[in-house]
Amino acid sequence: MTRAGRALVTLLALLTGAADVRPTRDYLSPDIRAAQDDPSRHPGWLWVEEGEALWHAGDRSCASCHGDMASMAGVAARYPAVAADGALLNLEGRIERCRTEHQGQPAFGYESEALLSLTAAVAARSRGMPVAVRTDGPAAPFLEEGRRFYETRQGQLNLSCGQCHDDNAGRRLRGDVISNGLGTGYPAYRLEWNTMGSLHRRLRACSLGVRAEQLPLGSREYRTLELFLASRASGLPIEAPGLRR
């Protein structure tokens, strides 16, 4: 992102009330941050390349409806979003719905290599663009659900998301620096996973960390939480594909 672009993102964050929430890249070590910015050092770009190939695959390909992947610029910044039928869809859910309803193919399945690759490729087209999810109208009830999830103490450790990602952001936990808990870098390649993973995989890890119930990938609870996290990141840049320790 250019200096002017970073300045615009900062201004948008101030205008939208996100001034106290910092981009996740600010919490990364210098080495990880540099690798995230360099596709030649970032293994997550292998998934992006695979996703770009999938975009053109098959007789009823993504490209046959949407054209070049350049048409996806800004799309990831607007998800999660409420569909016409009232369902809250994240980017993975939108891709799966297109695949089953418009391509007539079976769903890829959450956390599959194909879905991670295609999601990463689409998200990469919004890299550096400010998050701009809708939180009014039909999205408002979902946003409130996500807010309640974020603020509710959970698990045997009796901790809420906010107690880590608001109250202790910037402090260290087991060698990591606690961030503001945004989803702007997902799908992300995590070194501890040695592969690409979705935001919901990370949320399940958080649930496990506080010894709470791990909810299914794609569950309503995690989707509403994802919307709330995106609202907290309003005006901040998409970092996907991210690189995390």
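For the structure, see preceding data.
Please read these numbers as outputs of a predicted model, since none were measured by experiment.

Asker: Can you walk me through the nonpolar core in this structure?
Answerer: Taken as a class, soluble globular proteins show a tendency for nonpolar side chains to be buried jointly. Counting 53 residues, the largest nonpolar core has Trp55, Leu91, Val122 and Leu227 as the members making the most contacts within it. With 8 residues, helix 6 (residues 113-124) is the single largest residue contributor to this core. Sequence-distant contacts of Leu91, defined by excluding residues within four places in its chain, comprise Val75, Ala76, Tyr79, Thr119, Val122 and Ala123.

Asker: Would you explain the layout of surface pockets in this entry?
Answerer: In this approach the atoms are scanned with a rolling probe the size of a water molecule, which exposes any empty space left behind. Of the pockets and cavities examined, the largest pocket occupies roughly 1200 Å³. Lining the largest pocket we find 41 residues, and of these His165, Asp176, Arg190, Arg202 and Cys206 sit closest to its centre. For the lining of the largest pocket, the secondary-structure elements that each account for two or more residues are helix 7 (140-151), helix 8 (161-165), strand 3 (172-173), strand 4 (176-177), helix 9 (199-209) and helix 10 (220-232). Top contributing element to the lining of the largest pocket by residue count: helix 9, with 7 residues. A per-class count over the lining of the largest pocket returns 23 nonpolar, 10 polar and 8 charged.

Asker: Can you help me understand helix 7 in this one?
Answerer: For the α-helix, the turn length of 3.6 residues means that residues three or four positions removed from each other point alike. Relative to the 16 Å expected for 12 residues at 1.5 Å per residue, helix 7 spans 17 Å between its end C-alpha atoms, a close match to the ideal helical length. For helix 7, the complete set of buried residues consists of Phe142, Leu143, Gly146, Phe149 and Tyr150. The arc enclosing the buried residues of helix 7, seen along the axis, measures out at 120 degrees, which places them on a common side.

Asker: Even after reading the chapter, I still don't get the pattern of salt bridges, so can you show me in this structure?
Answerer: Pairs can form between side chains of opposite charge once their charged atoms are near each other. In this structure the tally under the stated criterion is 12 salt bridges. Between Arg25 and Asp37 there is a salt bridge, with the nearest N and O atoms lying 2.9 Å from each other. A residue pair is termed long-range when its members are at least 10 positions apart, and Arg25 in the loop between helix 1 (3-15) and helix 2 (30-36) and Asp37 in the loop between helix 2 and helix 3 (45-55) qualify at 12 residues. The class of Asp37 is partly exposed, set by a relative accessible area of 41%. Glu192 is the partner of Arg190 in a salt bridge, and the nearest nitrogen-oxygen pair spans 3.1 Å. You can call Arg190 buried: its relative accessible area is 6%. You can call Glu192 exposed: its relative accessible area is 54%. Bridged by salt links that share partners, the residues Asp85, Arg97 and Glu101 form one connected network.

Asker: Would you mind going over helix 9 with me for this structure?
Answerer: Three or more residues of helix 9 are buried, namely Leu199, His200, Leu203 and Ser207. Angularly, the buried residues of helix 9 cover 95 degrees about the axis, an arc narrow enough to put them on a single face. Taken together, the buried residues of helix 9 touch strand 6 (195-197) and helix 10. Positioned one or two residues after helix 9, Arg211 has a phi angle of 60 degrees, which is positive.

Asker: Would you mind showing me how to read the sheet that holds strand 6 here?
Answerer: The pairing of strands in a sheet comes from backbone hydrogen bonds and takes either a parallel or an antiparallel form. Taken in spatial order, the 3 strands make up an open sheet running 6-5-7, and their pairing is mixed. Each edge of the open sheet is held by one strand with a lone partner, namely strand 6 and strand 7 (242-244). Pairs of neighbouring strands in the sheet enclose a mean axial angle of 35 degrees, with direction left out of account.

Asker: Would you take a moment to explain the state of the cysteines for this structure?
Answerer: One way to say it: the disulfide is the covalent bond shared by the sulfur atoms of two cysteines. Counting across every chain of the model gives 0 disulfides. Left unpaired, Cys98 is separated from the closest cysteine sulfur, that of Cys62, by 7.4 Å.

Asker: Would you explain the side chain of Thr195 in this entry?
Answerer: Tracing the sequence through the fold places Thr195 in strand 6. What Thr195 contacts, discounting residues up to four positions off in sequence, is Trp47, Glu113, Ala188, Tyr189, Arg190 and Arg201.

Asker: Looking at this model, I keep getting lost on the packing of aromatic side chains. Mind explaining?
Answerer: When we look at a pair of aromatic rings, we describe it by the centre distance and by the angle of the planes. Per the counting criterion, the structure on display carries 3 aromatic pairs. One Lys or Arg, Arg22, reaches over the ring of Tyr27 and ends 4.5 Å from the middle of that ring. Sitting above the plane of the Trp193 ring, Arg190 keeps its charged end 5.4 Å from the centroid.

Cut-off values and rules
- Residues numbered from 1 in each chain as written.
- Predicted model: local features only at pLDDT ≥ 70, side-chain atom pairs only at ≥ 80, totals over all residues.
- Heavy atoms only, no water.
- Core = buried A, V, L, I, M, F, W, Y, C linked by side-chain atoms within 4.5 Å.
- Buried < 20%, exposed > 50% of the residue type's maximum accessible area, 1.4 Å probe, protein only.
- Helix = DSSP H or I, 4+ residues; strand = E, 2+ residues; numbered from the N terminus.
- Contact = heavy atoms within 4.5 Å.
- 1 Å grid on protein atoms, 1.4 Å probe; cavity = no way out; pocket = protein on both sides within 12 Å on 5 of 7 lines; lining within 4 Å.
- Points joined across faces, edges and corners; volume = space filled by probe spheres on them.
- Nonpolar A, V, L, I, M, F, W, Y, C, P; charged D, E, K, R; others polar.
- Expected span 1.5 Å × (residues − 1).
- Arc of directions from axis to C-beta.
- Salt bridge = Lys/Arg side-chain N within 4 Å of Asp/Glu carboxyl O.
- Pairing = 2+ DSSP bridges.
- Axes fitted to C-alpha atoms, helices over the stretch in contact; angles between N-to-C directions.
- Disulfide = S-S within 2.5 Å.
- Phe/Tyr/Trp six-rings, centres within 6.5 Å; stacked < 30°, edge-to-face > 60°.
- Lys NZ or Arg CZ within 6 Å of the ring centre and 35° of its normal.

As far as function goes, none of this settles anything; it's purely spatial.
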